[in-house]
Amino acid sequence: MAQASCIATIPLVVLGFLGGATDAQQSQPDIVFEEDFADPTLRAWQNSRDLQGQLSPIDGPDGIPALSIGLDEPASTMLSVRLPVERIAGRAELLDVWRKAENVKTGARHYYNAKSMLSWKAKGGAKPQYSGTQFSDFSGTFDWERHRYVVNMPEDLEWASVSMGLQACTGKAAWAGLTVSVDPRFPDQSSLERFL
């Protein structure tokens, strides 16, 4: 009799374990786009063939591949990739990137800087929206830093993209290990800030 009750509990234990595995899978980030910069041709990126300035593969943090763009005169050079609307509409997007700046000087307007930017347009919107400069822009001189921020995409999303580059400024900026994902832990910027 004792054996029968022991055997009867095994399926319940297995089901409980499987339920836990499902919960763990649901809490994993859904990677929408990632770039490790190992391929210098940057196939996924639009505008990669007509960039201005010096484009160089360099070593990123801990020796991972990175991309550097330098401009001696104020100019704009930007790479962008369209993101899959069906996977991100109405969801919170987490941009996670390593970035570095060397003498990046802000241009004539406060938003003329180096950028790691999410942009999008909603069907009801009159013009594209851009992640705020406090999240996307950087300037000055600093070594590798990991930078993360969350942008909530509208339900009626028409298109969205991730961009990096220099806008109407000078200096050298670099990026490594860029990922755009939906992470259930971070439904908004404040939840990310509490985590960090």
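Residues numbered from 1 in each chain as written. Predicted model: local features only at pLDDT ≥ 70, side-chain atom pairs only at ≥ 80, totals over all residues. Heavy atoms only, no water.

Student: Sorry, what's going on with the overall build of the protein here?
Tutor: For the protein, the count of helices and strands is 4 helices and 9 strands. Each helix (α) and strand (β) of the protein, taken in turn from the N terminus, gives the series α-β-β-β-α-β-β-β-α-β-β-β-α. As displayed, the protein has an accessible area near 10800 Å², and 53% of this comes from carbon and sulfur atoms. (Helix = DSSP H or I, 4+ residues; strand = E, 2+ residues; numbered from the N terminus. Areas by Shrake-Rupley, 256 points an atom, 1.4 Å probe, with all protein chains shown as cover.)

Student: What am I meant to see in unusual backbone geometry here?
Tutor: Trans is the prevailing form of peptide bonds, just as negative phi is the prevailing case for residues other than glycine. Here Phe 37, not a glycine, exhibits a phi torsion of approximately 60°, which is positive. Looking at Phe 37, the relative accessible area reads 5%, which means it is buried. (Buried < 20%, exposed > 50% of the residue type's maximum accessible area, 1.4 Å probe, protein only.)

Student: Can you help me understand the pattern of salt bridges in this one?
Tutor: Pairs can form between side chains of opposite charge whenever their charged atoms are close. In total, this model carries 9 salt bridges according to the counting rule given. Close ionic contact of Asp 39 with Arg 43 constitutes a salt bridge, the shortest N to O distance being 3.3 Å. For Asp 39, a relative accessible area of 26% puts it in the partly exposed group. Salt bridges linked by common partners bring Asp 30, Arg 87 and Arg 91 together as one network. (Salt bridge = Lys/Arg side-chain N within 4 Å of Asp/Glu carboxyl O.)

Student: Just to check I follow, could you spell out the nonpolar core for this structure?
Tutor: With 36 residues, the main nonpolar core has Trp 45, Leu 83 and Val 162 as its most contacted residues. Those elements that provide at least two residues to this core are strand 1 (30-35), strand 3 (65-82), strand 4 (92-105), strand 5 (114-122), strand 8 (140-152) and strand 9 (157-182). No other element matches strand 9, which puts 11 residues into this core. Setting aside residues up to four positions removed in sequence, Val 162 forms contacts with Phe 33, Trp 45, Leu 79, Ser 80, Val 81, Leu 83, Leu 95, Met 117, Leu 118, Leu 178 and Val 180. The next biggest cluster of nonpolar side chains, apart from the first, holds 5 residues, and it includes Leu 94, Val 150, Phe 186 and Leu 192. (Core = buried A, V, L, I, M, F, W, Y, C linked by side-chain atoms within 4.5 Å. Contact = heavy atoms within 4.5 Å.)

Student: Would you mind going over the confidence of the model for the protein with me for this structure?
Tutor: Caution is warranted with low-pLDDT regions, since their predicted coordinates should not be read in detail. Scored by pLDDT, the protein comes out at a mean of 85, with 85% of its residues at no less than 70. Contacts for the low-pLDDT stretch residues 5-24, under 50 throughout, to residues beyond four places or in other chains number 0 contacts. (pLDDT = per-residue confidence, 0-100.)

Student: Would you take a moment to explain the packing of aromatic side chains for this structure?
Tutor: The geometry of an aromatic ring pair is captured by the separation of the ring centres together with the interplanar angle, meaning the angle of the planes. Per the counting criterion, the structure on display carries 6 aromatic pairs. Seen in terms of ring centroids, Tyr 111 and Tyr 112 are 5.1 Å apart; in terms of plane orientation they differ by 80°. Their pairing is edge-to-face. For Tyr 111, a relative accessible area of 30% translates into the label partly exposed. Residue class for Tyr 112 comes out buried when judged on its relative accessible area of 19%. Ring pairs connect the aromatic residues Phe 138, Phe 142 and Trp 175, which therefore count as one cluster. Lying over the aromatic face of Trp 159, Arg 82 brings its terminal NZ or CZ to 4.4 Å of the ring centre. Against the face of Phe 195 rests Arg 185, its NZ or CZ located 5.1 Å from the ring centre. (Phe/Tyr/Trp six-rings, centres within 6.5 Å; stacked < 30°, edge-to-face > 60°. Lys NZ or Arg CZ within 6 Å of the ring centre and 35° of its normal.)

Student: Even after reading the chapter, I still don't get the side chain of Ser 119, so can you show me in this structure?
Tutor: Looking at where Ser 119 falls in the secondary structure, it is placed in strand 5. The exposure class of Ser 119 is buried, given its relative accessible area of 4%. Ser 119 has contacts with Gln 129, Tyr 130, Trp 159, Ala 160 and Ser 161, leaving out every residue within four places of it along the chain.

Student: In this structure, what is going on with the pairing of strand 2 (residues 54-59)? I would like to understand it.
Tutor: Of the pairings in the sheet, the one linking strand 2 to strand 3 comprises 6 bridges and is antiparallel in character. Along strand 3, the bridge assignment pairs Ile 58 with Ala 66. Counting the residues that bridge the hairpin from strand 2 to strand 3 gives 5 residues, and of these Asp 62 lies at a positive phi of roughly 55°. (Pairing = 2+ DSSP bridges.)

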